[in-house]
Amino acid sequence: MRAVWYDRTGPAREVLQLGEQPKPQAGQGQVLIAVKASGVNPSDVGMRGGASGAPMAYPRIIPHSDGAGVVEAVGPGVSPAWVGRRVWFYNGQRNGRAFGAAADYIELDVDLIRALPDEVSFAQGATLGIPCMTAHRALFLAGPVQGRTVLVTGGAGAVGHYAVQLAKWAGATVIATVSNADKAERARAGGADHTIDYRREDVAAKVRDLTGGQGVHHVVEVDFGGNAAATLASVSLNGSVAYYATKGSREPAIPAGVLMGLNLSIHGVYLPVSPHEARRRAQADITAWIGTGQAVLSVAGTYPLEDCAAAHEAVEAGTKVGTVVVEP
């Protein structure tokens, strides 16, 4: 089969190779998927670039964790009813797996796949996976959001935009922070009831104004370290914060007394080690949600497998809106 891989980290055009690799086979509890599209996440790009400075986890890596395709075969213990079905998947690479979705085929545990509705394209299906499942976990880990007010910071980003949509689907009032008018429009298109330009407005003051001084019940946070002061000033008594990144500061100063006085709960979110039942619920909810036909699944651009390096560079540029997709 055709695949893209790297044996060392570095710039995309220097280390990514295109060639032939052995076609995988479906083992016990697995399916073999003919990949139609794979999503390029910042984590895929960071690992290929060697951003962490750590040694490569495997001698050879086929990148990309997320994707969509058609089940071609099943292994022992898997229902043959899966054969021929369109599916979306996550965790194709990382967390015990070296060979991901930047290839013609991938074999995966059946637990990592879910049915892809016919009305959702393969490219759109490839935008789900890690971003959408991270959004789901960060949104629901503290409990139901129906009838509650949720603040989503970075509401136009890959994870944030899904958090906005899922929160609205679940019956919440949604406030989203954004950095400009175009991103405000994107957040509103996803269902945000209110947007706050964090570069021009006092986020905490605006949240208090929008909530009658009460604050929000829950926050889905894109940068806990960078936004800690504003975020903690925006949460109501007995509220909660779930953060999935903290680039602004890895070790922020947190006012423990304030957290205790408000009885706040703070949760870090890292999808691969989230409880199995939580990930299964995320898969089920996401599949039901995209089946409504109301989901905005944003493809930032599509690239052929031969131009995988350009896809990685598009992610690195930091200007994409949605998910960059590679189509074998």
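Scroll up to find the structure.
What counts and what doesn't
- Residues numbered from 1 in each chain as written.
- Predicted model: local features only at pLDDT ≥ 70, side-chain atom pairs only at ≥ 80, totals over all residues.
- Heavy atoms only, no water.
- Buried < 20%, exposed > 50% of the residue type's maximum accessible area, 1.4 Å probe, protein only.
- Helix = DSSP H or I, 4+ residues; strand = E, 2+ residues; numbered from the N terminus.
- Arc of directions from axis to C-beta.
- Contact = heavy atoms within 4.5 Å.
- Core = buried A, V, L, I, M, F, W, Y, C linked by side-chain atoms within 4.5 Å.
- Salt bridge = Lys/Arg side-chain N within 4 Å of Asp/Glu carboxyl O.
- Axes fitted to C-alpha atoms, helices over the stretch in contact; angles between N-to-C directions.
- Parallel < 35°, antiparallel > 145°, perpendicular 65-115°, else oblique.
- Left-handed = near helix turned anticlockwise from the far one by under 90°.
- Nonpolar A, V, L, I, M, F, W, Y, C, P; charged D, E, K, R; others polar.

1. As for helix α8 (residues 224–232)
Taken together, the buried positions of α8 are occupied by Phe224, Gly225, Ala228, Thr231 and Leu232. Mapping the buried residues of α8 onto a view down its axis gives an arc of 100°, with all of them on the same face. Of the surrounding elements, those touching the buried residues of α8 are β11 (216–221), β12 (235–243), α9 (256–262) and β13 (265–268).

2. Some details on the side chain of Ser234
With respect to the helices, strands and loops of the structure, Ser234 is situated in the loop between α8 and β12. In this structure, Ser234 is in contact with Leu151, Val203, Ala204, Val207, Arg208, Gly215 and Val216, ignoring residues within four places of it in sequence.

3. Side note on the nonpolar core
Ranked by internal contacts, the top residues of the largest apolar core, which has 55 residues, are Ile33, Ile113 and Ile290. Those residues in contact with Ile33 that lie beyond four places of it in its chain are Gly69, Val70, Val71, Glu72, Val87, Phe89, Asp104, Tyr105, Ile106, Leu108 and Ile113. Ranked by size, the runner-up nonpolar core spans 25 residues in total, among them Met1, Val4, Val45 and Val324.

4. Re the environment of Glu327
On the secondary structure map, Glu327 appears in strand β15 (residues 323–327). A relative accessible area of 33% means that Glu327 is categorised as partly exposed. Separated by 289 residues in sequence, Glu327 and Ser38 place their C-alpha atoms 6.4 Å apart. When neighbours within four sequence positions are excluded, Glu327 is seen to be in contact with Lys36, Ala37, Ala123, Thr302, Tyr303, Pro304 and Leu305.

5. Notes on the pattern of salt bridges
All told, the structure shown has 12 salt bridges when counted by the stated rule. One salt bridge connects Glu72 with Lys23, and the closest N-O pair in it is separated by 2.9 Å. Taken together, the positions of Glu72 in strand β4 (residues 66–74) and Lys23 in the loop between β2 (17–20) and β3 (30–40) put the pair 49 residues apart, joining distant regions of the chain. Residue class for Glu72 comes out partly exposed when judged on its relative accessible area of 35%. One salt bridge connects Asp285 with Arg281, and the closest N-O pair in it is separated by 3.1 Å. In this pair, Asp285 and Arg281 both sit in helix α10 (residues 276–290), 4 residues apart, roughly one turn of the helix. Judged by relative accessible area, which is 40%, Arg281 ranks as partly exposed. Bridged by salt links that share partners, the residues Arg2, Asp104 and Glu306 form one connected network.

6. Here we look at the packing of helix α4 (residues 129–140) against helix α5 (residues 158–169)
With their axes 8 Å apart at the nearest point, α4 and α5 run at an angle of 55° to one another. Between α4 and α5, the interaxial angle falls into the category oblique. At the point where α4 passes α5, the crossing takes the right-handed sense. Seen from α4, the contacting residues are Pro131, Cys132, Thr134, Ala135, His136, Leu139 and Phe140; seen from α5, they are Ala158, Val159, Tyr162, Ala163, Leu166 and Ala167. Classifying every residue of the contact of α4 with α5 gives 11 nonpolar, 2 polar and no charged.

By themselves, these figures tell us nothing about what the structure is for.
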